[in-house]
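Structural overview for review
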Amino acid sequence: HGADKSGLSDPYCKISIDGFPKIDFKTKTIKANINPVWNEEFTITGSFDVKTGKIRFSLFDWDMVSRNDSLGCVFVAFEELQGGPFSKWFPIVKCENAS
């Protein structure tokens, strides 16, 4: 269920690379939705360790009045992204240092 009293959320996602604080992207916010599909593309350039590097997807519920609520995080290893597009479910875990 969603984070708002209505049972829905206004989710958005921040994408970052662990260890590279200057690489930071944010999706658009999708209002009143608990199954968001963003279909957005971001290009990340640089030199990253494919064996140990990972992308962090931090999920938030946007709030107009109060602080945005953390919905959780998903971590995807670069190794899993080799070979092009794929479809896979990843577990959402509690974020540490969500911002």
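Notes on the structure follow. Here, residues in each chain are numbered from 1, in the same order as that chain's written sequence. Local features are withheld for residues below a pLDDT of 70 in this predicted model, meaning they are given only at 70 or higher, and side-chain atom pairs are given and counted only at 80 or more; totals for whole chains, interfaces and linings count all residues. The side-chain values count all of the structure's non-hydrogen atoms but skip hydrogen atoms and water molecules.

What follows deals with the overall build of the protein chain. When you go through the protein chain residue by residue, the secondary structure sums to one helix and four strands. Helices and strands in the protein chain line up, N terminus first, as β-β-β-β-α. For the protein chain, the C-alpha atoms occupy an extent of roughly 40 × 25 × 20 Å along the three principal directions. Between buried and exposed lies partly exposed: a residue is buried under 20% and exposed over 50% of the maximum accessible area for its type, with that area taken using a 1.4 Å probe on protein chains only. The proportion of buried residues among the 99 residues of the protein chain is 28%. Summarising the internal contacts of the protein chain: among those between residues at least 6 apart in sequence, 45% fall at separations of at least 24. Exposure was quantified through the Shrake-Rupley algorithm and a 1.4 Å probe, taking into account, for residues, occlusion by the shown protein chains and nothing else. Total accessible area on the protein chain is roughly 7300 Å²; 54% of this is exposed by carbon and sulfur atoms. Only DSSP runs of H or I reaching four residues or more are called helices, and only runs of E reaching two or more are called strands; each is numbered from the N terminus. The criterion used for residue contact is that any of the two residues' heavy atoms lie within 4.5 Å.

Here, nonpolar core refers to any group of buried Ala, Val, Leu, Ile, Met, Phe, Trp, Tyr and Cys residues whose side-chain atoms link them within 4.5 Å. One finds Cys13, Ile15, Ile17, Ile23, Ile30, Trp38, Ile55, Leu59, Val74, Val76, Phe78 and Phe90 forming the largest nonpolar core, which totals 12 residues. Only β1 (11-17), β3 (54-61) and β4 (69-77) provide two or more residues apiece to this core. With three residues, the single largest contributor to this core is β1. Ignoring any residue separated from it by four or fewer positions in sequence, one finds Phe78 in contact with Ile17, Phe48, Asp49, Val50, Gly53, Lys54 and Ile55.

A few words on the side chain of Ser58. Among the structural elements, Ser58 can be located in strand β3. Judged by its relative accessible area of 6%, Ser58 falls in the buried class. There is a polar contact of 2.9 Å between the side chain of Ser58 and the side chain of Arg56. The residues touching Ser58, leaving out its near neighbours within four places in the chain, are Tyr12, Cys13, Lys14, Gly72 and Cys73. A 3.5 Å cut-off defines polar contacts: any pair of N or O atoms within that distance qualifies, except that in protein one atom must be a possible hydrogen donor and the other a possible acceptor, and neighbouring residues in sequence count only when both atoms are side-chain atoms.

Our next topic: unusual backbone geometry. Of note, Ala32 is a non-glycine position whose phi angle comes to about 50°, a positive value. Within the element layout of this structure, Ala32 appears in the loop between β2 (20-26) and β3. Even without being glycine, Asn39 reaches a positive phi, approximately 50°. Considering the arrangement of structural elements, one finds Asn39 in the loop between β2 and β3.

The disulfide criterion used throughout: a pair of cysteine sulfur atoms within 2.5 Å. Following the criterion strictly, the structure yields one disulfide and no others. Shown here is the disulfide that connects Cys73 with Cys95, its sulfur atoms set 1.8 Å apart. Measuring the twist about the S-S bond at about 110°, one finds the Cys73-Cys95 disulfide to be right-handed. Of the two residues, Cys73 sits in strand β4 while Cys95 sits in the segment after α1 (78-81), which places them 22 residues apart along the sequence. Judged by its relative accessible area of 0%, Cys73 falls in the buried class. Counting only cysteine sulfurs, Cys73 is the nearest neighbor of Cys13, a cysteine outside any disulfide, at a range of 8.7 Å. Cys13 gets classed as buried once you look at its relative accessible area, which sits at 4%.

Such coordinate-based values are descriptive only and should not be taken to indicate function.
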